[in-house]
Amino acid sequence: MDENDTETAPPAPDPIEALVERWWADHFPGSPVAQVTQAWNHAFAAKQDLKRRLAAFRNETASR
């Protein structure tokens, strides 16, 4: 690589999102929920909604 090439690191993962993902990985794969597609899809959608709500809450409280 010459001195004009620049490498940028990917952005650091959001700590709240990483926490939710770790919690999900610890509890759901291999669980009874994982055995029923409809239940898995419902739980996965709830996880994604939780991440959105936590991010919105963090942004709301940060702007105070």
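Now for a quick tour of the structure. These numbers were taken from a predicted model, which means no experiment stands behind them.

With that settled, consider the packing of helix α1 (residues 15-27) against helix α2 (residues 37-62). At a minimum axis separation of 10 Å, α1 and α2 run at an interaxial angle of 155°. Judged on the interaxial angle alone, α2 and α1 are roughly antiparallel. For the crossing formed where α1 meets α2, the hand is right-handed. When α1 is examined against α2, the residues I16, E17, V20, E21 and W24 are found in contact with a partner set consisting of W40, A43, F44, K47, Q48, L50, K51, L54 and R58. Tallied by class, residues from the contact of α1 with α2 come to eight nonpolar, one polar and five charged.

We now examine the packing of aromatic side chains. Scanning the entire structure with this criterion turns up four aromatic pairs. Aromatic side chains W24 and F28 sit 4.3 Å apart centroid to centroid with 20° between the ring planes, which places their arrangement in the stacked category. Lying across the ring of W24, K47 places its NZ or CZ 4.9 Å from the centre.

On inspection of all chains with the given rule, the structure shows seven salt bridges. The salt bridge involving D14 is made with R58; its shortest N-O contact spans 2.7 Å. Here D14, found in the segment before α1, pairs with R58, found in helix α2; they are 44 residues apart in sequence, far enough to count as distant. Overall, the relative accessible area of 24% leaves D14 in the partly exposed class. Among the residues examined, R58 registers a relative accessible area of 29% and is labelled partly exposed. With a shortest N-O distance of 2.5 Å, K51 and E21 are connected by a salt bridge. Of this pair, K51 sits in helix α2 while E21 sits in helix α1, and the two are 30 residues apart along the sequence. Look at E21 and you get partly exposed, because its relative accessible area is 29%. Where salt bridges share partners, they join E17, E21, K47 and K51 into one cluster.

Quick notes on the rules
- Residues numbered from 1 in each chain as written.
- Predicted model: local features only at pLDDT ≥ 70, side-chain atom pairs only at ≥ 80, totals over all residues.
- Heavy atoms only, no water.
- Axes fitted to C-alpha atoms, helices over the stretch in contact; angles between N-to-C directions.
- Helix = DSSP H or I, 4+ residues; strand = E, 2+ residues; numbered from the N terminus.
- Parallel < 35°, antiparallel > 145°, perpendicular 65-115°, else oblique.
- Left-handed = near helix turned anticlockwise from the far one by under 90°.
- Contact = heavy atoms within 4.5 Å.
- Nonpolar A, V, L, I, M, F, W, Y, C, P; charged D, E, K, R; others polar.
- Phe/Tyr/Trp six-rings, centres within 6.5 Å; stacked < 30°, edge-to-face > 60°.
- Lys NZ or Arg CZ within 6 Å of the ring centre and 35° of its normal.
- Salt bridge = Lys/Arg side-chain N within 4 Å of Asp/Glu carboxyl O.
- Buried < 20%, exposed > 50% of the residue type's maximum accessible area, 1.4 Å probe, protein only.

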